[in-house]
Amino acid sequence: MIRSVIIDDEEKGRNTLRNFLKKYCHNVSVVAEGDCLKSGLEKISMYNPDLVFLDIQMPDGTGFNLLEQIEEINFKVIFVTAYDQYALKAFKFSAIDYLLKPIDPEKLIDAVKKISDKI
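Calculation criteria
- Residues numbered from 1 in each chain as written.
- Predicted model: local features only at pLDDT ≥ 70, side-chain atom pairs only at ≥ 80, totals over all residues.
- Heavy atoms only, no water.
- Pairing = 2+ DSSP bridges.
- Helix = DSSP H or I, 4+ residues; strand = E, 2+ residues; numbered from the N terminus.
- Axes fitted to C-alpha atoms, helices over the stretch in contact; angles between N-to-C directions.
- Contact = heavy atoms within 4.5 Å.
- Buried < 20%, exposed > 50% of the residue type's maximum accessible area, 1.4 Å probe, protein only.
- Salt bridge = Lys/Arg side-chain N within 4 Å of Asp/Glu carboxyl O.

**Regarding the sheet that holds strand β3 (residues 51-54)**
With parallel pairing, 5 strands are arranged side by side in an open sheet as β2-β1-β3-β6-β7. Two strands lie at the open edges of the sheet, namely β2 (28-34) and β7 (97-100), each paired on one side alone. Taking each pair of neighbouring strands and ignoring which way they run, the sheet shows an average axis angle of 25°. Bridge count between strand β1 (residues 2-7) and β3: 4 bridges; the pairing is parallel. Within β3, the position partnered with Ile-6 by the bridge is Phe-53. In the packing of helix α1 (residues 11-24) onto the sheet, contacts are made with β1, β2, β3 and β6 (76-81), and the angle to β2 comes to roughly 170°.

Here you go:
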């Protein structure tokens, strides 16, 4: 089972992603959710996930800011965002995938398959 954390400032976005994971990705469990950088960092530290679904734009900074604050990134990252202009930067942070909102279930399934092969 892949243990995941969702970090997104929009409750609707977190709910949609959680529901899609439950419906289409049975090997992924959501162990925690954060709604900003601060809570995201706390959840990552507390739950030590295998995978983080990370939004880019949040009220207290960006997903990139969050990753820069972690000394050793020992989890995989899938960015989930409405902004397509950050894709190149995301891959510089070793992102496994970059999903645009609204989430396409098929692309989510493909992204999770990439993770499954690596964990």
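Now that the structure has been shown, the text picks up again.
**Regarding unusual backbone geometry**
Across the junction of Lys-101 and Pro-102, the peptide omega takes the value -5°, indicating a cis bond. Mapped onto the elements of the fold, Pro-102 is located in the loop between β7 and α5 (105-118). Its identity is not glycine, yet Asn-48 carries a phi of approximately 45°, on the positive side. Structurally, Asn-48 is set in the loop between α2 (37-47) and β3. According to the relative accessible area criterion, Asn-48 is partly exposed, its value standing at 45%.

**Quick word on the pattern of salt bridges**
Using the criterion set out here, one finds 5 salt bridges in the structure. Here Lys-101 and Asp-55 are joined by a salt bridge, their closest N and O atoms 3.7 Å apart. Taken as a pair, Lys-101 in the loop between β7 and α5 and Asp-55 in the loop between β3 and β4 (57-58) lie far apart in primary sequence, 46 residues in all. Of the residues examined, Lys-101 reaches a relative accessible area of 24% and is grouped as partly exposed. Taking the relative accessible area as the measure of exposure, Asp-55 reaches 4% and is therefore buried.

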